[in-house]
Amino acid sequence: MAQDLKSPTSARPDIHETKPRPLRHPSWWIGGAALSLFVVLFIRLLVTNENLHWDIVAQYLFSPEILAGLGRTLLLTFVAMIIGLAIGVVLAIMRLSKNPVFQTASWAWIWFFRGVPPLVQLIFWYNLALLIPTVSIGVPFGPELWSASMNSLITPFSAAVLGLALTESAYAAEMIRAGIQAINVGQTEAAATLGMTRSQTLRRIVLPQALKIVIPPIGNDTISMLKFTSLVSVLALPDLLYSAQMIYSRTYQTIPLLIVATIWYLVLSTILTLIEHYIEHRLNDGRPLELSLILSSLFRIKFGAPRTEVSK
Amino acid sequence: MSTTMPLLNVERLSKSFGTHQVLNKIDMSVKLGDVTCIVGPSGSGKSTLLRCLNYLEVPDSGVVFLDGDPVGMRWHGNTLRQMSFNELAAQRQRMGMVFQSFNLFPHKTALENIVEAPIIVQRRKKSEAVAEGMALLDKVGLRERAHYYPRQLSGGQQQRVAIARSLAMKPAVMLFDEPTSALDPELVGEVLAVMRQLAEDGMTMVVVTHEMSFARDVADHLIFMDGGVIVEAGPPKDVLSNPQHTRTKAFLARLL
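Just so you know, these numbers come straight off a predicted model, no measurement behind them.

1. A short note on the pairing of strand 2 (residues 20-30) of chain B
Residues and elements named next belong to chain B.
- As paired elements, strand 1 (residues 8-17) and strand 2 share seven bridges and run antiparallel to each other. Within the sheet, the bridge partner assigned to Lys15 lies in strand 2 and is Leu23.
- The hairpin formed by strand 1 and strand 2 contains two residues between the paired strands, and Gly18 there has a positive phi angle of roughly 65°.

As C-alpha cells, then:
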C-alpha cells in the first residue's frame, strides 16, 4: 500500500495488542496549580494572622455557654421544623380541598407568611402584647373560661418558634401540595374501588408516597432553618450566635467567637446534609421509608459503622 | 335475592364531558355469575360506562342498581339523597375494579397491596387477611412473589396482583377496564388465563376489552358500543359471527 511506503510501520506494535496513550490535560495542571496556590495562601492567612486567635477559638469551642447555645439552636430548628411541617400538611390539604373557603384561607396564609421576612415576623411576634394585651379562651360573646396576659405567653423562645415555624409552614405547604399532586390519580381511584374512605386513602396511600417525594426539599429546608435560627439573636435569645455575641461583648474577642459559631454551624449543616443524603440514598434504593430506617441511618452516620446490607 | 333479578341493572344512563355526549341513555343488565364483555372502538364510551357502574364517574342522568339498590344515592323516607363519600366507599367494596394501568400501591409489596383494604377497611385480623392474601396469590400463580414490590414485577404479574387485591374484598362483581391493553403481547395470556379461571369459578364479571378471542370464549353476553350507545348485544357467537349492524360489521372487519 502507498502509506506503507511513506512511513514504514514495521517498528510499530500491533494495534490490537496495544492501548492508546491517554490524552494529556496540561490546562488542568496549570489551573489546578494556580488555585492550589490561592488555597495555600488562604490557609497561611488563617494560621498566621494573629487577630484570629486560634487559642481563644479552642478555648471557647466547647465552653458550656456555647454548648448551651448550640443546644438551643438545635432545639429551635427541630421544634420550628416539626410545627412548620405539621401546619404545612394541613395547609396543603386545605389548598387541595374543593371547599373554596379552605382554599382561599390556605392561599392567604401562604401568601402572607411567604411574603413577610422572618426577621420582621420575629420582632412582630415578640411585640404582640402591644397589639393584643390579653388572650382568653371562652365561648365567643359568652363567658370567659381562661385568660392570660400576652406578655407572659410570649417569651423570646415562643416568639422565635412562632416566627420561624409559620414561615416554614408556608414553604412546607407548597412542597407537600406539589408532592401530593405528583401522585397519580389512579392511586386514589384504586383506593376508592377498594372501599377506602378519603382519610384512609390520604393516610395510607397518598401521604406515604408524597413524603418520599418531599424528603429532599424538607432536608434542604431543615438546613436553611438551622441558619435562619441565628436571626433570633435580635430577641436576645441565647442561641449559638447570641451566646458567642454575649461572650465577645465581655471579652472583645469578636473574630474568634464568630469563628466558633461558624465552625458549629458548619458542623451541624454537614451532619444534616449527610443525613439527608443517606435518607435519599435509601429511598433511591427503593426500600420503603420507615421510622426505623431513618433512625438506623442516623445511628450509622454518627458512629461511622460501615453499611453491610446488600440491596436486593 | 331471587335469581331472576339482575345483580347489576343500568337504566337510561347518560354522561357528557362538556358538549360531547359520551353515553346516551344506556340500558343493560348483568345477571349473577354472568360474564359480560363490552367491546367497541376507542371513544365509544365503554370505559366511561364501566366507570359509571361504581360511580368513579358520576352520571349526568340515569341510575345503576346493584342488587336493587341505587349506586351513589339512597332513599331517606321519600327523599332521594346523594351518598356521602364514606357511604359510597361501603358500597364500592362490593364492586372490585381492575384498571388498565394496574394502579398497584408502589410503596407496598404484592402481599401488602392485597391485605391493605381487608385490614384497614374491613378491619379483619391481620393473620387471617395474610392467610387469605397468600391463598389469592396462589390462585394467580404468584405465591413466591408475595414480598416483591410492584416495580420488581412484570406488567402481567402486576395485573395479576391487582386482580388478587380486588378479590380480597370478596366483591359481588368484578369490573375490568381494558386489563390487558397496557401489556406486552406475550404477557396478555397469563392475565387472561386468571380471568378465565375466575369466570369458571362463577364470578360475575363486566369486562371492557379488545381481546375478541377472550370475549368469544368466555363471555355469556357481548355488548358492542359505538358513539355512546349500545349498537348490538347478545350471545358472543351471534354478535361476532352474524353481526346485524353495519357499524358492528365494520368494526369486526377491521379486527380480522
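2. Description of helix 12 (residues 240-251) of chain A
Residue and element names in this part refer to chain A.
- End to end, helix 12 covers 17 Å across 12 residues, agreeing with the expected 16 Å (1.5 Å per residue, within 8%).
- Listed in full, the buried residues belonging to helix 12 are Leu240, Leu241, Ser243, Ala244, Ile247 and Tyr248. One side of helix 12 carries all its buried residues, which in axial view fall inside an arc of 160°.
- Of the residues one or two after helix 12, Tyr252 is the one with positive phi, at around 60°.

3. Comments concerning the sheet that holds strand 12 (residues 229-234) of chain B
Residue and element names in this part refer to chain B.
- Ordered by their spatial adjacency, six strands build an open sheet running 8-9-10-3-11-12, and the pairing between neighbours is mixed. Edge positions in the open sheet fall to strand 8 (95-98) and strand 12, since each of these has one partner strand only. Shown here is a sheet whose adjacent strand axes are inclined to one another by a mean of 15°, direction ignored.
- Pairing between strand 11 (residues 221-226) and strand 12: five bridges, direction antiparallel. Within strand 12, the residue paired with Met225 across the bridge is Ile230.
- Together, strand 8 and strand 9 (173-177) form the strand contacts of helix 5 (residues 155-167), whose direction differs from that of strand 8 by roughly 170°.

4. Overview of unusual backbone geometry
All names here are of chain B.
- In this structure, Arg12 takes a positive phi of about 45° despite not being glycine.
- Summarising the element assignment, Arg12 is placed in strand 1.
- The backbone phi angle of Lys170 is positive, close to 50°, even though this residue is not glycine.
- Mapped onto the elements of the fold, Lys170 is located in the loop between helix 5 and strand 9.
- Accessibility expressed as a relative area gives 53% for Lys170, which makes it exposed.

Rules of the game
Residues numbered from 1 in each chain as written. Chains lettered and ligands numbered in written order. Predicted model: local features only at pLDDT ≥ 70, side-chain atom pairs only at ≥ 80, totals over all residues. Heavy atoms only, no water. Pairing = 2+ DSSP bridges. Helix = DSSP H or I, 4+ residues; strand = E, 2+ residues; numbered from the N terminus. Expected span 1.5 Å × (residues − 1). Buried < 20%, exposed > 50% of the residue type's maximum accessible area, 1.4 Å probe, protein only. Arc of directions from axis to C-beta. Axes fitted to C-alpha atoms, helices over the stretch in contact; angles between N-to-C directions. Contact = heavy atoms within 4.5 Å.

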